Amino acid sequence: MGIKFLSWILTLCMVYSVSGDGCSLILKPSRVVVGFGESVSVSCEATRPVRVLGWESAISAAHTQQELSVQWKAESLIDWIEEPICYGVFFTAPRQCEEKLNLVLYKTPDSISIKAVNHSGPMLEGKEYQLLCEVQNVAPVQYLNLRWYRGQTQVYNHSFSDMTPISPVQVSSTLLIVPTKADNEAQYRCVAELELGAEGPQPSPTVTSEPYNVSVHFPPSFLSPEPETVQLAEGGEAKLDCSATGNPTPTYSWTSVNPVEEKMATEAVLASSALLPGTYTCTASNTRGIRSKKFMVLAKDMPHKDPCQKQACDIQKCLQANKYMESQCEEVIREMRRCCQTHATKSLCCSGFKENKTDEREGTQ
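From a predicted model like this one, the values you see are computed outputs, not experimental measurements.

Considering the packing of aromatic side chains
Part 1 of the argument: The full count for this structure, using the stated rule, is three aromatic pairs.
Part 2 of the argument: Taking the centre distance of 6.2 Å and the plane angle of 40 degrees together, the rings of Trp55 and Trp72 count as tilted. Separated by 17 residues along the polypeptide, Trp55 in strand β4 (residues 50-56) and Trp72 in strand β6 (residues 69-74) bring together distant segments of the chain. No difference in accessibility class separates Trp55 from Trp72, as the two residues are buried.
Part 3 of the argument: In this structure, Arg48 is placed above the aromatic ring of Phe90, and the distance from its NZ or CZ to the ring centre is 4.0 Å.
Part 4 of the argument: Cation over ring: Arg189 sits above Tyr149, and NZ or CZ is 4.5 Å from the ring centre.

This is the structure we're talking about:
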């Protein structure tokens, strides 16, 4: 049969062909997922006698006469616009039929990387920053799923299913972060995964970025922030621990009405058997802030527990319950004054607590 006849047959196929459920052609497999540059082979089979059976293809056309199957092959598939179509011309109606191969040609990214947007160097606690993940030359992008991780925890997922290009493209994803001190030395990474379905490679192809290390600057924070009371022991060493976290690393200074050894005045821990009773204030500072903490050092014969602590707590509770109206807490305030009259020299809670004239009159009655 001559070339002119075949050209006439192909023209009929393009103009009058049908597809779908009414077509007597079966593609095996019906969906093919192929990596860029890999080989591929698909069989087209007719379910009833056929006059001509063939493949329309830009790179590998093929046809046969009266055979019930024909193959389409490519040794190295690199054509992003390839859309193979199997066609058949039958002896009975419907006389023309075609089936388009569901062909997915994919390519994993050349590279994937993370950087901060318009920023370099350490980040500041509480400030908003953008991290940008860039993916180079991936296809088809609508199958790409980009996952962000902080350490081993996934924090964001970005899908590109609404995009339509079939050839390789460059895409990116942005992650907004507001770092805290817990983020200092944290690692972020993004993982690009091509989810190509059951016909694709298993597990799905993935490419992971190098980790992006975050350095966060934050002010000093004491490991134990509350004021402390330390009891001196006979012949023993008193230890005042002012250790704080911070970035940059905090520097320390100590102040007191009592002398502090020069070699220890800039240490986080003040430890000495020569400490005198009194109040010591430690200050931790860095470029992000300054924090202070007080220590009350008691003589060995002074009670370790503040004798007026209960009364001070009762006042605090009462004021909070009555919206800080002192007139509603006169009784607990009187109890505090009575306690301070007895234990003024042994109670830190009584420091600065002044008696008014009413208390003096009460004391003389």
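Past the structure itself, the notes keep going.
A closer look at the side chain of Ser272
Part 1 of the argument: With respect to the helices and strands, the residue Ser272 is situated in strand β24 (residues 269-272).
Part 2 of the argument: For Ser272, a relative accessible area of 8% gives the class buried.
Part 3 of the argument: Looking at Ser272, its side chain comes within polar contact range of the side chain of Glu261, at 3.3 Å.
Part 4 of the argument: Excluding residues within four positions of it along the chain, Ser272 makes contact with Glu237, Ala238, Glu261 and Met264.

A short note on the state of the cysteines
Part 1 of the argument: Inspection of the entire model under this criterion finds six disulfides.
Part 2 of the argument: Paired by a disulfide, Cys242 and Cys282 hold their sulfur atoms 1.9 Å apart. When the S-S torsion is -90 degrees, as for the bridge of Cys242 with Cys282, the disulfide is left-handed. With a gap of 40 residues between them, Cys242 in the loop between β21 (238-241) and β22 (244-247) and Cys282 in strand β25 (residues 278-286) connect regions that are remote in the sequence. Both residues of the pair, Cys242 and Cys282, count as buried.
Part 3 of the argument: Two residues, Cys318 and Cys329, share a disulfide whose sulfurs are 2.1 Å apart. Of note, the bridge from Cys318 to Cys329 carries an S-S torsion of about -95 degrees and is left-handed in sense. On the criterion of sequence distance, the pair formed by Cys318 in helix α2 (residues 309-321) and Cys329 in the loop between α2 and α3 (330-343) is long-range, its members being 11 residues apart.

Observations concerning the packing of α2 against α3
Part 1 of the argument: One way to put it is that α2 packs onto α3 with a least axis distance of 9 Å and a crossing angle of 160 degrees. It follows from the interaxial angle that α2 and α3 lie roughly antiparallel. Between α2 and α3 lies a crossing whose hand is left-handed. Contact residues: Gln311, Ala312, Asp314, Ile315 and Cys318 in α2; Val332, Ile333, Glu335, Met336 and Cys339 in α3.
Part 2 of the argument: Its residues assigned to classes, the contact of α2 with α3 comprises seven nonpolar, one polar and two charged.

Overview of the pattern of salt bridges
Part 1 of the argument: In total, this model carries 11 salt bridges according to the counting rule given.
Part 2 of the argument: Residue Glu83 pairs with Lys100 through a salt bridge whose shortest N-O separation is 3.3 Å. Of this pair, Glu83 sits in the loop between β6 and β7 (85-90) while Lys100 sits in strand β8 (residues 96-100), placing them 17 residues apart in sequence.
Part 3 of the argument: Overall, Glu83 belongs to the partly exposed group, its relative accessible area being 48%.
Part 4 of the argument: The exposure class of Lys100 is partly exposed, given its relative accessible area of 48%.
Part 5 of the argument: The salt bridge involving Arg150 is made with Asp183; its shortest N-O contact spans 2.7 Å. Residue Arg150 is found in strand β13 (residues 144-150), and its partner Asp183 is found in the loop between β15 (169-177) and β16 (187-194); the two are separated by 33 residues along the sequence.
Part 6 of the argument: Linked through salt bridges whose partners overlap, the residues forming this network are Glu330, Glu331 and Arg334.

What counts, and where the lines are drawn
Residues numbered from 1 in each chain as written. Predicted model: local features only at pLDDT ≥ 70, side-chain atom pairs only at ≥ 80, totals over all residues. Heavy atoms only, no water. Phe/Tyr/Trp six-rings, centres within 6.5 Å; stacked < 30°, edge-to-face > 60°. Helix = DSSP H or I, 4+ residues; strand = E, 2+ residues; numbered from the N terminus. Buried < 20%, exposed > 50% of the residue type's maximum accessible area, 1.4 Å probe, protein only. Lys NZ or Arg CZ within 6 Å of the ring centre and 35° of its normal. Polar contact = N/O pair within 3.5 Å; in protein donor to acceptor, adjacent residues only side chain to side chain. Contact = heavy atoms within 4.5 Å. Disulfide = S-S within 2.5 Å. Axes fitted to C-alpha atoms, helices over the stretch in contact; angles between N-to-C directions. Parallel < 35°, antiparallel > 145°, perpendicular 65-115°, else oblique. Left-handed = near helix turned anticlockwise from the far one by under 90°. Nonpolar A, V, L, I, M, F, W, Y, C, P; charged D, E, K, R; others polar. Salt bridge = Lys/Arg side-chain N within 4 Å of Asp/Glu carboxyl O.

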